[in-house]
Amino acid sequence: MAGKTALLLEDDDDYRQVLEEFLSDFDYAVTSYPSPLTFIESSTHCASLTPCYDIVITDNQMPGMDGIDFLRLLHDNGCKIRADRKVLISGFLTREVARTAEALGSRSFKKLTAMDDLCQWLGNLPA
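Residues numbered from 1 in each chain as written. Predicted model: local features only at pLDDT ≥ 70, side-chain atom pairs only at ≥ 80, totals over all residues. Heavy atoms only, no water.

## Things to note about the pairing of strand β5 (residues 107-110)
Now for step 1: In this structure, strand β4 (residues 86-90) lies alongside β5, joined through 4 bridges in parallel fashion. Across the sheet, residue serine 90 finds its bridge partner in β5, namely lysine 110.
Now for step 2: Read as a crossover between parallel neighbours, the route from β4 over helix α4 (residues 95-103) to β5 is right-handed. (Pairing = 2+ DSSP bridges. Helix = DSSP H or I, 4+ residues; strand = E, 2+ residues; numbered from the N terminus. Right-handed = clockwise from strand over helix to strand, strands pointing away.)

Structure representation (structure tokens):
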């Protein structure tokens, strides 16, 4: 299943590398950034009618902009990535943050169990 792409936003370098390797094991070509602002500064805005990435995984607490605000920005800008293909991960996942992520169409996972949750989520995504 080559050709799948993932956008990953995570400010912890070590954890980002672990997630990159993890997603690669699921045959995703991963584009990663240490924060939403570095993604915004270094990328062109997607003007395509199709999604620019197959999935998005974002940490919540990052410098400059948190993951919730990034998901909101994607939503407000008409991002074509399906809502069921967005995930917010956080070491400090509160009910309020989880509800906000859900309202934006995103799943949310605690970092402590993120690998297991992501494995199950990726395994259940339709082709």
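Past the structure itself, the notes keep going.
## Quick notes on the packing of helix α1 (residues 13-25) against helix α5 (residues 114-124)
Now for step 1: One way to put it is that α1 packs onto α5 with a least axis distance of 12 Å and a crossing angle of 25 degrees. One finds that α1 runs roughly parallel with respect to α5. Viewed along their axes, α1 and α5 form a crossing whose handedness is right-handed. Taking contact as the criterion, the partners of Tyr15, Val18, Leu19, Phe22 and Leu23 in α1 are, on α5, Ala114, Met115, Leu118, Cys119 and Leu122.
Now for step 2: In terms of residue class, the contact of α1 with α5 is made up of 10 nonpolar, no polar and no charged. (Axes fitted to C-alpha atoms, helices over the stretch in contact; angles between N-to-C directions. Parallel < 35°, antiparallel > 145°, perpendicular 65-115°, else oblique. Left-handed = near helix turned anticlockwise from the far one by under 90°. Contact = heavy atoms within 4.5 Å. Nonpolar A, V, L, I, M, F, W, Y, C, P; charged D, E, K, R; others polar.)

## What to know about the side chain of threonine 58
Now for step 1: Relative to the helices and strands, threonine 58 resides in strand β3 (residues 55-59).
Now for step 2: Owing to a relative accessible area of 0%, threonine 58 belongs among the buried residues under this scheme.
Now for step 3: Beyond its immediate stretch of four places on either side in the chain, threonine 58 contacts Leu9, Gly67, Phe70, Leu71, Val87, Leu88 and Ile89. (Buried < 20%, exposed > 50% of the residue type's maximum accessible area, 1.4 Å probe, protein only.)

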